[in-house]
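So the chains spell out like this:
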Amino acid sequence: MSIGQKQMHHQLGLTDEQVIEMYTYMLKARMFDERCFLLQRSGKIPFHVSGIGQETAQVAAAYALKKGTDYFLPYYRDYGFVLTVGMTLRELLLSVFLKAEDPNSGGRQLPGHFGSKKLNIVTGSSPVTTQVPHAVGFALGAKLQRKEFVSFVTFGDGSSNQGDFHEGCNFAGVHKLPVIFMCENNQYAISVPLHKQTAGSIAERALGYGFPGVKVDGRDALEVYRVVKEARERALRGEGPTLIEAVMYRISPHSTSDNDLLYRTREEVETNRERDGIPRLRNYMISCGIWSEDREAELAAQIKQELTEATDYAEQAPHPASEDTLLHVYGDGGGLQ
Ligand SMILES: Cc1ncc(C[n+]2csc(CCOP(=O)(O)OP(=O)(O)O)c2C)c(N)n1
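All figures in this text were calculated on a predicted structure; none of them were measured in a lab.

## Examining the pairing of strand 6 (residues 213-217)
Okay, so step 1: Bridge analysis of strand 6 against strand 7 (residues 242-247) gives five bridges, and the strand direction is parallel. Paired with Val 216 across the strands is Ala 246, a residue of strand 7.
Okay, so step 2: Handedness of the strand 6-helix 10 (residues 221-236)-strand 7 crossover: right-handed.

## Section: a nonpolar patch on the surface
Okay, so step 1: The grouping of Leu 326, Val 329 and Tyr 330 at the surface amounts to a nonpolar patch, some 360 Å² of accessible area in total.
Okay, so step 2: With respect to the secondary-structure elements, Leu 326 resides in the segment after helix 13 (293-316).
Okay, so step 3: Residue class for Leu 326 comes out exposed when judged on its relative accessible area of 55%.

## Digging into the site of the ligand
Okay, so step 1: Taken together, the neighbourhood of the ligand is formed by 16 residues, with Tyr 75, Tyr 76, Arg 77, Ser 159 and Tyr 188 sitting nearest.
Okay, so step 2: Residue Tyr 75 places a side-chain N or O atom 2.7 Å away from an oxygen atom belonging to the ligand.
Okay, so step 3: Residue Ser 159 places a side-chain N or O atom 2.5 Å away from an oxygen atom belonging to the ligand.
Okay, so step 4: Here the ligand has 580 Å² of accessible area as a free molecule, and 72% of this is covered by the chains.
Okay, so step 5: Cavity membership is defined here by more than half of the atoms lying within 2 Å of grid points; on that basis the ligand lies in the largest pocket.

## Quick notes on the nonpolar core
As a rule of thumb, soluble globular proteins bury nonpolar side chains together.
Okay, so step 1: Counting residues in each nonpolar core, the largest one holds 68 residues, and the members touching the most others are Phe 32, Leu 93, Phe 152, Met 182, Val 228 and Met 285.
Okay, so step 2: Per-element tally for this core: the top contributor is helix 3 (residues 16-41), with twelve residues.
Okay, so step 3: Discounting chain neighbours no more than four positions away, the residues touching Leu 93 are Phe 32, Leu 39, Leu 307, Ala 310, Thr 311 and Ala 314.
Okay, so step 4: Core analysis: the second largest hydrophobic core is formed by 20 residues, Val 132, Phe 155, Cys 183 and Leu 243 among them.

Parameters at a glance
- Residues numbered from 1 in each chain as written.
- Predicted model: local features only at pLDDT ≥ 70, side-chain atom pairs only at ≥ 80, totals over all residues.
- Heavy atoms only, no water.
- Pairing = 2+ DSSP bridges.
- Helix = DSSP H or I, 4+ residues; strand = E, 2+ residues; numbered from the N terminus.
- Right-handed = clockwise from strand over helix to strand, strands pointing away.
- Patch = residues over 30% accessible without salt bridge, like charges linked within 9 Å, V, L, I, M, F, W, Y side chains within 5 Å.
- Areas by Shrake-Rupley, 256 points an atom, 1.4 Å probe, with all protein chains shown as cover.
- Salt bridge = Lys/Arg side-chain N within 4 Å of Asp/Glu carboxyl O.
- Buried < 20%, exposed > 50% of the residue type's maximum accessible area, 1.4 Å probe, protein only.
- Near = heavy atom within 4 Å.
- Polar contact = N/O pair within 3.5 Å; in protein donor to acceptor, adjacent residues only side chain to side chain.
- 1 Å grid on protein atoms, 1.4 Å probe; cavity = no way out; pocket = protein on both sides within 12 Å on 5 of 7 lines; lining within 4 Å.
- Sits in = over half its atoms within 2 Å of the grid points.
- Core = buried A, V, L, I, M, F, W, Y, C linked by side-chain atoms within 4.5 Å.
- Contact = heavy atoms within 4.5 Å.

Here you go:
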């Protein structure tokens, strides 16, 4: 690797420590996901929907946004994203164990339905793509109140075919709203491959709504960071939305209820596993002289311990009380933090 390539993160304004931190979040998300598979298979949690293969883009995008200022509307695979903007492993574990202390829904929602007032993570609902018009609404709020923030929303490739996507993009384009749409194109919508749901290009749809569309390698952390950062700057200059199509691959089955080998081959999955963005960033860091096998082992051991403590805590934490079933369902003035 040439000196120029080695310094790519410096050219983007990222310090060595920041790249290492990005990598740490990716590994945390990956190891959390792997732990959830084990917990589900051993009957300790009912269900898990995985983000394996998508963490690189999620973490890099979160890194390009401003915590405490911007509004985030992630979708159900975005563990890397929510960890980077401040959710903890303990909170994620509380959510998969459906415990009362789960900050997302107090154990009422399926896991992956993130929501946190204090982290500006906007609660999502289960019908896919509903978060897109919601994000546009937040961006409209920024414009009407002349506030300096952007809203950032993610969704899958299949979701980009829902009406909500088109309505949201159209409205945001007309009003030049500060919203960033990021499609995590992982090649599948459950069992339906991309070519059976979309004949054209997802990124190029943006042209029809009057704003730029950018297709980016979602397994290239630094590229995703660069593109999201630019989109944020455009939005804050009042130039409107950007659609980003981050291309990646869903390495895990759709969920723990899915047998993916009914619609794709093991070879296809293994070929894509080799293109995974996490080892790619690790190799880049090693080639820059800022990472080593020893540091990798140390980090993995530290995350493993954090996960074990979080798992034990969440497993022992109390379930929601049955008399609280209707809390937060109707306007009771409460609400989760
Ligand atoms: C409106 C709606 N239709 C169908 C579903 C069932 N469903 C849940 S996830 C999913 C696949 C979505 O695929 P995609 O948007 O590509 O995201 P991915 O799961 O691949 O990350 C579907 C169809 C749903 N939740 N909402």
